[in-house]
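These are the residues of each chain, in order.
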Amino acid sequence: MKRIGLKIAILAIFASTVSANSSWAGESAAVRNCTWCHGTGAQGYTVAPRLAGQRPQYIMSEIRSFREHARNNPFSKQYMWGAVAALDPHTARDLANYFATIQPRPANDGDHTLASRGRTIYMDGIPEANIVSCYACHGPNAEGVRDIPRLGGLSYSYLKGRLEQWGQGYHSTPGSPMPMVATHLGPEEVEALTSYLSFVK
Amino acid sequence: MIGARSVEADAPGRRRGGRIVKATVLRLTLLTAVLAVALSVSGHAQERMAPARGGLEAKLEYCKTCHGLQGQGYLGYFPMPRLAGQQPEYIEAQLRAFIERRRSNPVMRNVAHVLSPSMITALAMHFRHLNPPPFGGAPRGSIATGKRIYEEGLPEANVPACSACHGAEGKGQNEIPRLAGQVYQYTVGQLSGWKSERGQGTAVDTSAIMAPTAHNLTRSQVEAVAAYVSSLQ
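Reading guide: rules and limits
- Residues numbered from 1 in each chain as written.
- Chains lettered and ligands numbered in written order.
- Predicted model: local features only at pLDDT ≥ 70, side-chain atom pairs only at ≥ 80, totals over all residues.
- Core = buried A, V, L, I, M, F, W, Y, C linked by C-beta atoms within 7 Å.
- Buried ≥ 20, exposed ≤ 12 C-beta atoms within 10 Å, placed from the backbone.
- Helix = DSSP H or I, 4+ residues; strand = E, 2+ residues; numbered from the N terminus.
- Contact = placed C-beta atoms within 7 Å.
- Nonpolar A, V, L, I, M, F, W, Y, C, P; charged D, E, K, R; others polar.
- pLDDT = per-residue confidence, 0-100.
- Axes fitted to C-alpha atoms, helices over the stretch in contact; angles between N-to-C directions.
- Parallel < 35°, antiparallel > 145°, perpendicular 65-115°, else oblique.
- Left-handed = near helix turned anticlockwise from the far one by under 90°.

*Asks:* Quick one: what's the story with the nonpolar core, residue by residue and with numbers?
*Replies:* Counting 32 residues, the largest nonpolar core has Tyr 122, Ala 136, Leu 154, Leu 159, Leu 193, Tyr 196 and Leu 197 of chain A as its most contacted members. Secondary-structure elements contributing two or more residues to this core are helix 6 (115-124), helix 7 (135-138), helix 8 (156-167) and helix 10 (187-199) of chain A together with helix 3 (54-67) and helix 5 (108-112) of chain B. When residues of this core are assigned to their parent elements, the largest contribution, five residues, is made by helix 10 of chain A. Those residues in contact with Ala 136 of chain A, other than ones at most four positions away along the chain, are Cys 66, Gly 76, Tyr 77, Phe 78 and Val 107 of chain B. Residues Ala 180, Ala 224, Tyr 228 and Val 229 of chain B belong to the second largest nonpolar core, which totals 19 residues.

*Asks:* So what about the interface of chain B and chain A? Which residues, and what values?
*Replies:* For an interface, size is often stated in terms of accessible area lost upon the parts coming together. Taken together, the contacts link 16 residues of chain B with 18 residues of chain A. The leading source of residues in the side of chain B that touches chain A is helix 3 of chain B, at six residues. Partitioned by chemical class, the residues of the side of chain B that touches chain A number nine nonpolar, three polar and four charged.

*Asks:* Describe the confidence of the model for chain A, with residues and values.
*Replies:* Detailed reading of the predicted coordinates is not advisable wherever pLDDT is low. In this model, chain A carries an average pLDDT of 89, and 87% of its residues clear a pLDDT of 70 or more. Overall, residues 11-25 of chain A carries pLDDT values under 50, and its contacts beyond four positions in sequence, including any with other chains, amount to four contacts.

*Asks:* How would you summarise the confidence of the model for chain B if you had to cite specific residues and measurements?
*Replies:* Residues and elements named next belong to chain B. In this model, chain B carries a mean pLDDT of 84, and residues with pLDDT of at least 70 account for 77%. Low pLDDT (under 50) marks residues 1-18, which in the prediction has 12 contacts with non-local residues, meaning those over four places away or in another chain. A low-confidence stretch, residues 33-53 (pLDDT under 50), is modelled with eight contacts involving residues beyond four sequence positions or located in other chains. The ipTM, which scores confidence in the relative placement of chains, is 0.82 for this predicted complex, and the corresponding pTM is 0.80.

*Asks:* Explain the packing of helix 3 (residues 56-67) of chain A against helix 5 (residues 89-101) of chain A to me, and be specific about the residues and the numbers.
*Replies:* All names here are of chain A. Two elements in contact, helix 3 and helix 5, have axes separated by 8 Å at closest approach and are oriented at 140°. Between helix 3 and helix 5, the angle is such that the two are oblique. The element helix 3 and its partner helix 5 pack so that their crossing is right-handed. Residues Pro 56, Ile 59, Met 60 and Ile 63 of helix 3 form the contact with helix 5, whose participating residues are Ala 92, Arg 93, Ala 96, Asn 97, Phe 99 and Ala 100.

What follows is the structure, encoded as structure tokens:
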């Protein structure tokens, strides 16, 4: 948290002194409001996930979930509920489309030794343990589709946090099967899956 | 613990009594802690194993994670068919086809091969009694065309009326599947790729009945029929 606060302060000073002809001038204020936390080039930063390359319909659906307070984990409450409160649907759509066009970079922060186990769980699930295949919804390369998010290359810590939160009873999009999926995953499966996904290009 | 310390400090003249109180408080604290740990462990175990009746209930929840919480179907990266109200004989036949690789599907092969014959029967019987509204989302423009093809066929193209086998209301019978309320994208995908998914290998497979019909339908006719059946309750 301290790091984020510090970063915001530094960025604020930087932004206030930067000259108008820098690359920042090309980004709208609305985009900058997102990238303060979501990282340079929207590639993600600590608890704030990468938005680059994310499915635009997913970004819009999450903005709606924050606005309606359906997505209610602690960081969502602390940051995103306020961040989207004054965001009109038109701007939300423009932001979603903008971030979707940025080339995403994989976080590569998982455990390499678990990646192949993670890939097996991603593709096949563990039918004996009633763990479903992630591939069926998120696609062969974890690219997502429509309002189903791209998972490939998101950071290990972000993905792990989300899966754990569903298991703890926090919510996201209404009607999502993810809480049910997550309650069946044990800690080792979460480690392996999120490690694998962090390396997917 | 704070309680124990304050008793000792407030009553230095009653050391004996204080010690008894302290011991009692300590014991209570310890007991509470043990209970809390035990409860949280059992709570966690229950959560992980939920629902408790391991076999069938847990497997049904697993099916419904992808096929919709009420078995109404779902759109993931792939369309997941509606299972609600499906003919049990059809579900059993298809699960066996996945296991025997007569029907190729990268997800369902893994899902089906761990199911025992009695589990397959129990799952199939469960879905027959579900009756959620259709998943919806099909284009509405071609529903009238689809209804005509469904009820009359396309004699000039050697397409028999769908209703002849699947029933006037699309409920199916025995191994012939219910089509009513089926997810539009799923039906389109199946009819467009019939021969690449169904009837694989050399074993006899009832899906061969549909192969010529699927072949003779154009893409727009497939879409019209799929839109019509998806709207049936």
